[in-house]
Amino acid sequence: MDVLADEIVRFLRATGPDHDPIQTEMAEYAIAEGFPIIGPNAGAVLRLLARLTDAERIFEFGSGYGYSAYWFLQGMNPNGHIVLTEFDEDELAMGREFLDRADLADRASFEAGDAMETIERYDGPFDVVLIDHQKHRYADAFERVRTDVRVGGVVVADNMMEGPIDFDRLLAHFENDEPLPAAESDRETAGIGQYVDTVRADPAFETFLLPVGSGISISTRME
Ligand SMILES: C[S@@+](CC[C@H](N)C(=O)[O-])C[C@H]1O[C@@H](n2cnc3c(N)ncnc32)[C@H](O)[C@@H]1O
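Now for a quick tour of the structure. Since this is a predicted model, take the numbers as computed values, not measurements. (Residues numbered from 1 in each chain as written. Predicted model: local features only at pLDDT ≥ 70, side-chain atom pairs only at ≥ 80, totals over all residues. Heavy atoms only, no water.)

Turning to the site of the ligand, a few remarks are in order. What surrounds the ligand is a group of 20 residues, the closest being E86, E91, A115, D132 and Q134. Interatomic distance of 2.8 Å between a backbone N/O atom of A115 and a nitrogen atom of the ligand. Taking 610 Å² as the accessible area of the ligand by itself, protein coverage stands at 91%. Grouping the constituent residues of the shell around the ligand by class yields 8 nonpolar, 7 polar and 5 charged. (Near = heavy atom within 4 Å. Polar contact = N/O pair within 3.5 Å; in protein donor to acceptor, adjacent residues only side chain to side chain. Areas by Shrake-Rupley, 256 points an atom, 1.4 Å probe, with all protein chains shown as cover. Nonpolar A, V, L, I, M, F, W, Y, C, P; charged D, E, K, R; others polar.)

This is the structure in structure tokens:
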């Protein structure tokens, strides 16, 4: 869950925000079930981005049981609203329960089904969008929302450096321009590579990748 050296992760944990009791439960569930939440360091970055943009509208592609949404809700405008999307209805129900216990659920919509379809029912502008669903659909999700993100808003994507991906192939692609694997042989690595190529080539966005958690990409809309 963390790409940084253990000591740096410990340093960040020692200096960063603590989980509240509900987040602690959520994180313990992730460990017990091996569920890939974004983790506390990347979560704190989500909260920061929501705070800096004074976010009133956030959309998530892939919400699991609400751990990333929980961080967003802590930082966003008190009148703000977040849309959670999830294939798995049990996870989504669990997310509703966690957010409800923290009195956050009334600022959230819980949308079961394919996030790529759900987005069609929501108009922008969004202050922040999180892309954390199927890696091979990241670039499509970005293309779909890029004009719905307000100028000054951000698109965040997870699993840039760790996850079901071949990091060495990605490094060779970005460093030496080597081709990405074919989607038929490794669609996750191809998807992440294609996503980063897409956002970096977009003149309306400025992108930087942060090595927190599994590695997150942050793209700010400039124009
Ligand atoms: C990495 S987890 C999300 C974790 C969550 N963002 C967090 O950090 O707490 C990815 C989730 O996306 C869901 N998912 C994958 N593709 C999806 C899609 N097209 N639409 C909705 N949910 C999807 C999966 O079921 C899984 O629960």
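On to the environment of E60. For E60, the location among the structural elements is in strand β1 (residues 57-61). For E60, a relative accessible area of 0% gives the class buried. Separated by 42 residues in sequence, E60 and A102 have C-alpha atoms that sit 19 Å apart. In this structure, E60 is in contact with S68, A69, F72, I82, V83, L84, T85 and L130, ignoring residues within four places of it in sequence. (Helix = DSSP H or I, 4+ residues; strand = E, 2+ residues; numbered from the N terminus. Buried < 20%, exposed > 50% of the residue type's maximum accessible area, 1.4 Å probe, protein only. Contact = heavy atoms within 4.5 Å.)

Right, let's get into the side chain of H173. Assignment of secondary structure puts H173 in helix α8 (residues 167-176). When its relative accessible area of 11% is taken as the criterion, H173 is described as buried. Only 2.6 Å separates the side chain of H173 from the backbone oxygen of E178, close enough to count as a polar contact. Setting aside residues up to four positions removed in sequence, H173 forms contacts with E178, P179, L180 and D197.

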